[in-house]
Amino acid sequence: MAAFIALLGFLVILNYQSSSLVNASITETCKTVAASSPNINYDFCVATLRADPGSASADTQGLAVIATKLTKANATSTESTISFLLKNSRDSATNKCLTDCATMYFDLVATLNDTVSAITSKRYFDAKTYLSAAVDVGDECENGFVEKKAKSPLTKENNDSRVLSLIALAITNLLHIDIPCFSDLHGLLCFFFYLFLSSSFFSRILLLK
């Protein structure tokens, strides 16, 4: 019984902390995410989010969706840029890199579509997994040119992809961890699984003995 109460107390605290973040403004959110990573610029974060008219009234979940959609817009634009470059480039090494990058950004768009769905359905763990992978796409594309000793015509697009993905990931990290057992009531076994994950559970079991 003591362990059950301790776990409930933990969940109440977790919910309270996440609720305080859910109502954060753009400036507060960007201050938080900029402080969490040296690769996120506060002014760029604010300007990026404010580019979407819906950001002014969005909660943290809404801002995560907006940041993800902006990352997707950059990826889609980069696809078009790559297509244009491929039509006009005659260098085989550059073309090979552009072709590889085209595949990367095509997959990235699909991943970001899945990310939006995950965030809106509160599957935040999935969303964070997708966005963590998205962060690396720009660097992987850029590194392809380095390996081929070719000058990259996509440096800006790749840098933007990385920073936008980082912002989306950092904002999504502000959302509370979803606990499917409690939200969907999957059953007693699932309940005890989370009970065992609670560090207080072990200490209280020892005390009860």
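See the structure above.
Reading the values: the criteria
Residues numbered from 1 in each chain as written. Predicted model: local features only at pLDDT ≥ 70, side-chain atom pairs only at ≥ 80, totals over all residues. Heavy atoms only, no water. Helix = DSSP H or I, 4+ residues; strand = E, 2+ residues; numbered from the N terminus. Contact = heavy atoms within 4.5 Å. Core = buried A, V, L, I, M, F, W, Y, C linked by side-chain atoms within 4.5 Å. Buried < 20%, exposed > 50% of the residue type's maximum accessible area, 1.4 Å probe, protein only. Salt bridge = Lys/Arg side-chain N within 4 Å of Asp/Glu carboxyl O. Disulfide = S-S within 2.5 Å.

1. Description of the overall build of the chain
Along the backbone of the chain there are 11 helices and zero strands. In the chain, the order of α-helices and β-strands from amino to carboxyl end is α-α-α-α-α-α-α-α-α-α-α. Taking as baseline every contact in the chain between residues at least 6 positions apart, the subset at least 24 positions apart corresponds to 68%.

2. A look at the nonpolar core
Generally speaking, a soluble globular protein has its nonpolar side chains buried in company with each other. Ranked by internal contacts, the top residues of the largest apolar core, which has 45 residues, are Ile40, Leu49, Phe145 and Ile171. Those elements that provide at least two residues to this core are α2 (26-36), α3 (42-50), α4 (60-88), α5 (92-120), α6 (124-135), α7 (137-147) and α8 (155-173). Filtering out sequence-adjacent residues up to four positions away, Ile171 remains in contact with Thr29, Val33, Leu49, Thr60, Leu63, Ala64 and Ala67.

3. Focus on the pattern of salt bridges
A full pass over the atoms with the stated rule returns four salt bridges. Here Asp100 ties to Lys96 by a salt bridge, and the two come within 2.8 Å at their closest N and O atoms. Linking Asp100 with Lys96, this pair stays in helix α5, spanning four residues, or about one helical turn. On the basis of relative accessible area, Lys96 is assigned to the partly exposed category, the value being 40%. A salt bridge links Arg162 to Asp139, with the shortest nitrogen-to-oxygen separation between them at 3.0 Å. Taken together, the positions of Arg162 in helix α8 and Asp139 in helix α7 put the pair 23 residues apart, joining distant regions of the chain. Asp139 sits in the partly exposed class, given a relative accessible area of 32%.

4. Section: the state of the cysteines
Under the counting rule described, the total for this entry stands at two disulfides. The partner cysteine of Cys30 in its disulfide is Cys45, sulfur to sulfur 2.1 Å. The chirality of the disulfide connecting Cys30 with Cys45 is left-handed, given an S-S dihedral of about -75°. With Cys30 in helix α2 and Cys45 in helix α3, the pair connects residues that are 15 residues apart, well separated along the chain. With respect to class, Cys30 is no different from Cys45; both count as buried. Between the sulfur atoms of Cys101 and its disulfide partner Cys141 the distance amounts to 2.1 Å. Across the disulfide from Cys101 to Cys141, rotation about the S-S bond amounts to roughly 105°, and the bridge is consequently right-handed. Taken as a pair, Cys101 in helix α5 and Cys141 in helix α7 lie far apart in primary sequence, 40 residues in all. A relative accessible area of 0% means that Cys141 is categorised as buried. With no disulfide of its own, Cys97 lies closest to Cys101 among cysteine sulfurs, the gap being 6.6 Å. Taking relative accessible area as the criterion, Cys97 reaches 3% and is therefore assigned buried.

5. Re the environment of Ser55
Tracing the sequence through the fold places Ser55 in the loop between α3 and α4. The class for Ser55 is buried, based on a relative accessible area of 4%. Distance from Ser55 to Ala67, taken between C-alpha atoms, is 9.4 Å for residues 12 residues apart in sequence.

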